[in-house]
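These are the residues of each chain, in order.
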There are 2 protein chains.
Amino acid sequence: MSSGSILVYGGRGALGSTIVTFFKEKGFKTLSIDFFENEAADDNILLKSDLGFEAQAEAVKNVLDAKSGFKVDAIFCVAGGWAGGNLKTATFIKDSHLMLQQSVWSSYIAAHLASHFLNDNGLLVLTGAQAALNPTPDMIGYGVAKAAVHQLVKSAAAPKGGLPEGARSLAILPVTLDTPMNRKYMTYNGTWTPLEEVARLLFEWTSAPGASPASGSLVQLITKDGNTETKIA
Amino acid sequence: MSSGSILVYGGRGALGSTIVTFFKEKGFKTLSIDFFENEAADDNILLKSDLGFEAQAEAVKNVLDAKSGFKVDAIFCVAGGWAGGNLKTATFIKDSHLMLQQSVWSSYIAAHLASHFLNDNGLLVLTGAQAALNPTPDMIGYGVAKAAVHQLVKSAAAPKGGLPEGARSLAILPVTLDTPMNRKYMTYNGTWTPLEEVARLLFEWTSAPGASPASGSLVQLITKDGNTETKIA
């Protein structure tokens, strides 16, 4: 018995893994797309690190096209990365390129897949960043990539954006996620959003169209003293 | 006798050529960076179409590094392109990739050059789009790329963004430019902005720091009945 199905782009990362496990426990079928296999997922599509943007997108779409009648209730893109630096940083172009690849390419591919494989009234969620609501001089490549994702979410949500009938497009805008990587490199301060909380929110939005913010919303995840609230940007 | 100097990224395109000619007539030294030579420019750096983002940026910077003490008063990035289509368009990924290359890569390279080769109190201008202030469901790749450029301009303008002392960062947001290409494919309707008008504006902003809108501004170019006005977004 399945309650539904989801596709997680970046399904082997810290947040992606948490989402896969959370939805699986709720009876959902889960498909992970990532460079590495997520053994907890019902199915995996492996990305190839030597493929460019277009070839990667085509390879993934071909696999899904081959699954007769493949459809999911939600597609979440939680791939991404972070890099600091301003215009003058020696690695500025390299870092900015990486941010485009990690956040923008992945979001574009997930959004394109949503136009083909999302059920009517389904849900597309991409990962933006609260920081990108303002100028980001100390992490320019990161902020620019996330601002691009915000525009993608808003455009996908607009009439004739290409999503199936009734489907919604949302962005989650974390401040800092409580990941093992962040625990390793930064000092925890009580404002980090627990990954399970993000998964719970996505589950809530997936379960009932009426339970999510309006399509096109940029949803900030604000955590204080361990409590997470959402705030529309 | 030179009044100053400018660098035009995309200096052989319709707008770029107009800018080069306009500034040259005002006594400025002009450097064009483009895939093709602009014979009207005092100097040219030719881009190579087979180079990727990082290699292209490095190649251009190396040429400028080799010009001892090279500095300019303004850097304008007027490279770009346009593509329509929504998430479901068959060429969505390809088109979106092209928009990133034409508008975002070029803007990144121009901004990086500005951090190294702009004089104090100089001017960096990148080309956004008025359309990208709102969702762009019928030209998603275009709108996303331009939204990225807007964030880049705002971040470059913020303290510690990496620009030289007193330098300004602005975006011009055209609706439609009166180019030969647009004349060929669309019907002129009196709201297209003349290229000379854009060049005149850039010249005004370059000539006196006080004559330009505040650094970080997204400057819409609104043309009605042949008259162009600016409006800060």
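A. Structural detail: the overall build of chain A. Per the secondary structure count, chain A includes six helices and eight strands. N-terminal to C-terminal, the α/β element order of chain A is β-α-β-β-α-β-α-β-α-β-α-α-β-β. Here the C-alpha atoms of chain A give a radius of gyration of 17 Å, agreeing with the 17 Å that 2.2 N^0.38 yields for 233 residues. Relative to its 233 residues, chain A shows a buried fraction of 54%. Considering only residue pairs separated by 6 or more positions, chain A has 63% of its internal contacts joining residues 24 or more positions apart.

B. Representation of the pairing of strand S5 (residues 118-127) of chain B. Residues and elements named next belong to chain B. Burial analysis of S5 places seven of its ten residues in the buried class, the great majority of the element. Pairing geometry for strand S4 (residues 72-77) and S5, over five bridges, is parallel. Of the residues in S5, the one forming a bridge with Phe76 is Val125. Bridge analysis of S5 against strand S6 (residues 168-174) gives five bridges, and the strand direction is parallel. Of the residues in S6, the one forming a bridge with Thr127 is Ile172.

C. Main features of the sheet that holds strand S2 (residues 28-34) of chain A. Residue and element names in this part refer to chain A. A sheet is described by the order of its strands in space; here eight strands give the open sequence S3-S2-S1-S4-S5-S6-S7-S8, paired in mixed fashion. Of all the strands in the sheet, the pair left with one neighbour each is strand S3 (43-46) and strand S8 (227-232). Shown here is a sheet whose adjacent strand axes are inclined to one another by a mean of 20 degrees, direction ignored. In this structure, strand S7 (residues 218-224) lies alongside S8, joined through six bridges in antiparallel fashion. Looking at S8, one finds that Ile222 is bridged to Glu229. Lying over the sheet, helix H4 (residues 140-157) contacts strand S5 (118-127), strand S6 (168-174) and S7, oriented at roughly 155 degrees with respect to S6.

D. Seen up close, helix H3 (residues 92-117) of chain A. Taking 1.5 Å of rise per residue, the 26 residues of H3 of chain A would be expected to cover 38 Å, and the 36 Å separating its terminal C-alpha atoms lies within 8% of that figure. A large share of H3 of chain A lies buried, amounting to 21 of its 26 residues.

E. Structural view of the sheet that holds strand S2 (residues 28-34) of chain B. All names here are of chain B. Spatially, the eight strands line up as an open sheet ordered S3-S2-S1-S4-S5-S6-S7-S8, and their pairing is mixed. The outermost strands of the open sheet, each flanked by one partner alone, are strand S3 (43-46) and strand S8 (227-232). Within this sheet the neighbouring strands show an average axis-to-axis angle of 20 degrees, counted without direction. Relative to S4, strand S1 (residues 4-9) runs parallel, the two being bridged by four bridges. Paired with Tyr9 across the strands is Cys77, a residue of S4.

F. The arrangement of helix H1 (residues 14-25) of chain B in detail. All names here are of chain B. Its twelve residues place the ends of H1 17 Å apart at the C-alpha level, agreeing with the 16 Å of an ideal helix rising 1.5 Å per residue. Turning to H1, its buried residues number three or more, namely Leu15, Gly16, Ser17, Thr18, Ile19, Val20 and Phe23. Buried residues along H1 sit in contact with S1, S2, S4 and helix H6 (195-207).

G. Broad picture of the packing of helix H2 (residues 53-66) of chain A against H3 of chain A. Residues and elements named next belong to chain A. In contact at an axis separation of 10 Å, H2 and H3 are set at 30 degrees when each is read in the N-to-C sense. Judged by the angle between their axes, H2 and H3 are roughly parallel. The two elements H2 and H3 meet at a crossing, and its hand is right-handed. Contacts from Phe53, Gln56, Ala57, Val60, Lys61 and Leu64 in H2 reach Trp105, Ile109, His112, Leu113 and Phe117 in H3. Along the lines of polarity and charge, the residues of the contact of H2 with H3 split into eight nonpolar, two polar and one charged.

H. Region of interest: the interface of chain B and chain A. Taken together, the 42 residues of chain B in the interface contact 42 residues of chain A. Only helix H2 (53-66), helix H3 (92-117) and helix H4 (140-157) of chain B provide two or more residues apiece to the side of chain B that touches chain A. For the side of chain B that touches chain A, the class distribution of residues is 23 nonpolar, 13 polar and six charged.

I. Looking closely at the nonpolar core. Leu124 of chain A together with Leu124 of chain B are the most contacted members of the largest nonpolar core, which has 150 residues in total. Non-local contacts of Leu124 of chain A, meaning those with residues more than four positions away in its chain, are made with Ile75, Ala110, Ala111, Ala114, Leu118, Ala156, Leu163, Ala167, Arg168 and Ser169 of chain A.

J. Spatial organisation of the environment of Ala114 of chain B. Tracing the backbone through its elements, the reader meets Ala114 of chain B in helix H3. C-alpha separation for the pair Ala114 of chain B and Leu202 of chain B, spaced 88 residues apart in sequence, amounts to 16 Å. Beyond its immediate chain neighbours, meaning those up to four positions away, Ala114 of chain B contacts Leu87 of chain A together with Ile75, Leu124, Leu163 and Ala167 of chain B.

K. Representation of the environment of Gly80 of chain B in the model. Residues and elements named next belong to chain B. Mapping Gly80 onto the fold places it in the loop between S4 and H3. Owing to 25 C-beta atoms within 10 Å, Gly80 belongs among the buried residues under this scheme. Each C-alpha atom of the pair Gly80 and Gly10 lies 7.9 Å from the other, and the pair is 70 residues apart in sequence. The residues touching Gly80, leaving out its near neighbours within four places in the chain, are Gln102, Ser103 and Thr127.

Rules behind the numbers
Along each chain, the written sequence defines residue order, and numbers are assigned to residues from 1. In the order they appear in the text, chains get letters beginning with A and ligands get numbers beginning with 1. Reporting of local features is limited, given that this is a predicted model, to residues whose pLDDT is at least 70; pairs of side-chain atoms are given and counted only at 80 or more, and all residues count toward the totals for whole chains, interfaces and linings. We count a stretch as a helix when DSSP gives it H or I for four or more residues in a row; a strand needs E for two or more, and each element gets its number in order from the N terminus. Each radius of gyration is computed over the set of C-alpha atoms, and the globule rule expresses the reference value as 2.2 Å times the number of residues to the power 0.38. Exposure in this text rests on C-beta crowding, where 20 or more other C-beta atoms within 10 Å of a residue's own make it buried, 12 or fewer make it exposed, and counts in between make it partly exposed. The C-beta atoms are placed from the backbone. By the convention adopted here, residues are in contact when the distance between their C-beta atoms, placed from the backbone, does not exceed 7 Å. By definition, two strands form a pair when at least two bridges between them are found by DSSP. All axes here are fitted lines through C-alpha atoms, helices being fitted over the stretch that makes contact, and every angle between N-to-C directions spans 0 to 180 degrees. To estimate the expected span of a helix, count its residues, drop one, and scale the result by 1.5 Å. Here roughly perpendicular refers to angles of 65 to 115 degrees, roughly parallel to angles under 35, roughly antiparallel to angles over 145, and oblique to all remaining angles. Throughout, a crossing is termed right-handed when the near helix is turned clockwise from the far one, and left-handed when it is turned anticlockwise from it by less than a right angle. Classification convention: Asp, Glu, Lys, Arg as charged; Ala, Val, Leu, Ile, Met, Phe, Trp, Tyr, Cys, Pro as nonpolar; all other residues, Gly among them, as polar. Note on definitions: a nonpolar core is a set of buried residues drawn from Ala, Val, Leu, Ile, Met, Phe, Trp, Tyr and Cys, linked by C-beta atoms within 7 Å.

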